[in-house]
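# Examination of the molecular architecture
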Amino acid sequence: DIIRTIRDPEKPNTLEELEVVTEGGVEVQEIGEDEYLVIIRFTPTVPHCSLATLIGLCLRIKLQRCLPFRHKLEIYISEGTHSTEEDINKQINDKERVAAAMENPTLREMVEQCVTEPE
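Here's a quick rundown of the structure. (Residues numbered from 1 in each chain as written. Predicted model: local features only at pLDDT ≥ 70, side-chain atom pairs only at ≥ 80, totals over all residues. Heavy atoms only, no water.)

## A short note on the overall build of the protein chain
- Secondary structure assignment for the protein chain yields four helices and three strands.
- In terms of overall size, the protein chain behaves like a compact globule, its C-alpha atoms giving a radius of gyration of 14 Å where 119 residues would be expected to give roughly 14 Å.
- When the backbone C-alpha atoms are referred to their principal axes, the protein chain occupies close to 40 × 35 × 30 Å.
- Sequence separation of at least 24 residues holds for 60% of the intrachain contacts in the protein chain that already meet a minimum separation of 6.
- As displayed, the protein chain offers around 7200 Å² of accessible surface, 48% of which is attributable to carbon and sulfur atoms. (Helix = DSSP H or I, 4+ residues; strand = E, 2+ residues; numbered from the N terminus. Rg over C-alpha atoms; globule rule 2.2 N^0.38 Å. Contact = heavy atoms within 4.5 Å. Areas by Shrake-Rupley, 256 points an atom, 1.4 Å probe, with all protein chains shown as cover.)

This is how it looks when you write it as structure tokens:
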């Protein structure tokens, strides 16, 4: 429910409407007392999507802000659905790269536009 309203960076649709994120791509595992591993697999609309890294960043930021419990996040592109999935998976799961990306004002504004709940 938290990620279903994230908007696509290029289209007026949500990631759920475009089937970039689906309920089947979300997995939650208990890894300790009151601590969970949340795994998200998303599917870009095209195998060469230039905004796949931004979409992964939006998923990470929204979940970090909204999950009401202690958690570890792993976000991946669905296997075989993007031409550079390995590189993108490394980027969106690297804390330093995520922090550096969010220091960029232009990128941060794009993420905010995508993750802000509609009125």
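## Some details on the layout of surface pockets
- Estimates place the volume of the largest pocket at around 330 Å³.
- In this structure, the largest pocket is lined by 15 residues; those nearest its centre are Asp1, Ile2, Ile3, Glu23 and Val26.
- Of all the secondary-structure elements, those providing two or more residues to the lining of the largest pocket are β1 (26–32) and β2 (35–42).
- For the lining of the largest pocket, the residue count by class is ten nonpolar, one polar and four charged.
- In this structure, the second largest pocket encloses a volume near 220 Å³.
- Lining the second largest pocket are Arg60, Gln64, His71, Lys72, Leu73, Ile92, Asn93, Asp94, Lys95, Val98 and Ala99.
- Of all the elements in the fold, those that place two or more residues in the lining of the second largest pocket are α1 (52–66), β3 (70–77) and α3 (95–103).
- The residue makeup of the lining of the second largest pocket, split by class, is four nonpolar, three polar and four charged. (1 Å grid on protein atoms, 1.4 Å probe; cavity = no way out; pocket = protein on both sides within 12 Å on 5 of 7 lines; lining within 4 Å. Points joined across faces, edges and corners; volume = space filled by probe spheres on them. Nonpolar A, V, L, I, M, F, W, Y, C, P; charged D, E, K, R; others polar.)

## As for the side chain of glutamate 74
- Residue placement: glutamate 74 occurs in strand β3.
- At a separation of 3.4 Å, a polar atom in the side chain of glutamate 74 contacts the side chain of lysine 72.
- The contact partners of glutamate 74, leaving out residues within four places of it in the chain, are Leu37, Val38, Ile39, Ile40, Arg60 and Asn93. (Polar contact = N/O pair within 3.5 Å; in protein donor to acceptor, adjacent residues only side chain to side chain.)

## Examining empty space enclosed by the protein
- One pass over the structure, following the stated rule, counts one cavity of 30 Å³ or more.
- Lining of the largest cavity is provided by Asp8, Pro9, Glu10, Lys11, Thr45, Cys49, Leu51 and Ile55.

## Structural notes on the environment of glutamate 86
- If you trace the backbone, glutamate 86 turns up in helix α2 (residues 85–92).
- In this structure the C-alpha to C-alpha distance between glutamate 86 and valine 28, which are 58 residues apart in sequence, comes to 22 Å.

## Some words on the pattern of salt bridges
- One pass over the full model with this rule turns up seven salt bridges.
- The salt bridge involving arginine 70 is made with glutamate 35; its shortest N-O contact spans 3.2 Å. Here the residue arginine 70 occupies a position in strand β3, and glutamate 35 occupies one in strand β2, the gap between them amounting to 35 residues.
- A salt bridge links glutamate 117 to lysine 62, with the shortest nitrogen-to-oxygen separation between them at 2.3 Å. (Salt bridge = Lys/Arg side-chain N within 4 Å of Asp/Glu carboxyl O.)

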